[in-house]
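Examining the three-dimensional arrangement
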Amino acid sequence: MALRRTFRVTLLSIPLLTAAACVPQNGAPTAVNTVPPTVAPVPAQQSAAPVAPPASATAPTAPAARSAKIVTDLTAPRSAVGTATYRCGNGGMITIQNLGTALRVLRPDGTTEEFAASPANQSSRYQEAASHDAIVIDAREALVMKRGSTPQTCKR
C-alpha cells in the first residue's frame, strides 16, 4: 500500500517539478540569447598615428545587465503637444493641435474650438462640451462629427 502511494506521488511530483523549473520565480522573463551581438568591423583609416584597440577588446566584458521591465499604459493621455493638418472629404482643411488631454481645432476661417478627451483617461476620442461635436483620432485619420451634419473623414 505504501509503495502504491509513493509511486503515485512520484508520478505527480515529476511534472510539477519540471513545470516549476521552467517558470522564472522572480517574474522576470528569461533571456534566450545571452551572447552579446557582434559589431561589424570598422574600415581602417589612413593615418600615420597608431590606432589603439577599442576599450571593449582589452577589458573583460561585464555580465549583461538585466533589462528593465517596460510597462505601457495605453489608457494614459499623451503628454506631447503636436500639430497636424488634415484634408477633409468636402475639400476643406483643419489643423488639430494635440494638447495632451485636449485638442484645439483651427479652421481655415480662423475660428478655434477646444475638445476635451472623453472619457478623460484616453487620447483618441474628444468632445466639445457646449455643442457636443466630437473628433475621433485613429492613426492618420480624424473623424469629425458635428451635430446635424454627416460625419467627415479627414486624412493627414
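Above: the structure in question.
Read on for a plain summary of the structure. (Residues numbered from 1 in each chain as written. Predicted model: local features only at pLDDT ≥ 70, side-chain atom pairs only at ≥ 80, totals over all residues. Heavy atoms only, no water.)

1. So, the pairing of strand S3 (residues 102-106)
Worth spelling out the cut-off: Any two strands between which DSSP finds at least two bridges are classified as paired. Strands here are runs of E lasting at least two residues and helices are runs of H or I lasting at least four, both read from the DSSP assignment and numbered beginning at the N terminus.
Note: strand S2 (residues 93-98) against S3, 4 bridges, orientation antiparallel. Paired with Ile-96 across the bridge in S3 is Val-105. Bridge count between S3 and strand S4 (residues 112-117): 5 bridges; the pairing is antiparallel. Bridging across to S4, Arg-104 finds its partner in Glu-114.

2. Comments concerning the side chain of Gln-122
In plain terms, the rule: Burial classification: accessible surface area is computed with a 1.4 Å probe over protein chains only, and a residue below 20% of its type maximum counts as buried, one above 50% as exposed, and the rest as partly exposed. Distance and chemistry together define a polar contact, namely a pair of N or O atoms within 3.5 Å, with one atom able to donate a hydrogen and the other to accept it when in protein, and with adjacent residues in sequence counting only for side-chain atoms on both sides.
Here Gln-122 lies in the loop between S4 and strand S5 (125-127). Judged by its relative accessible area of 8%, Gln-122 is buried. Of the polar contacts made by the side chain of Gln-122, one reaches the backbone oxygen of Arg-125; its length is 2.7 Å.

3. Observations regarding the sheet that holds strand S1 (residues 82-88)
Worth spelling out the cut-off: The convention used is that axes are lines fitted to C-alpha atoms, helices contributing only their stretch in contact, and that angles between N-to-C directions extend from 0 to 180 degrees.
Sheet architecture is closed into a barrel: 8 strands sit in the order S1-S2-S3-S4-S5-S6-S7-S8, paired in antiparallel fashion. The sheet shows a mean angle of 30° between the axes of neighbouring strands, taken without regard to direction. By the bridge criterion, 2 bridges tie S1 to strand S8 (residues 152-155) in an arrangement that is antiparallel. If you follow Arg-87 over to S8, its bridge partner there is Lys-155.

4. Focus on the nonpolar core
We apply this condition: Residues belong to one nonpolar core when they are buried, are Ala, Val, Leu, Ile, Met, Phe, Trp, Tyr or Cys, and are joined through side-chain atoms within 4.5 Å. Residue contacts are counted whenever heavy atoms from the two residues lie within 4.5 Å of one another.
One finds Tyr-86, Ile-94, Ile-96, Leu-103, Ile-135 and Ile-137 to be the most contacted residues of the largest nonpolar core, which totals 15 residues. For this core, the secondary-structure elements that each account for two or more residues are S1, S2, S3, S4, strand S6 (134-138) and strand S7 (141-145). Residue contributions to this core peak at 3 residues, all from S1. When neighbours within four sequence positions are excluded, Ile-135 is seen to be in contact with Ile-96, Leu-103, Val-105, Phe-115, Ser-124, Arg-125, Tyr-126, Ala-142, Leu-143 and Val-144.

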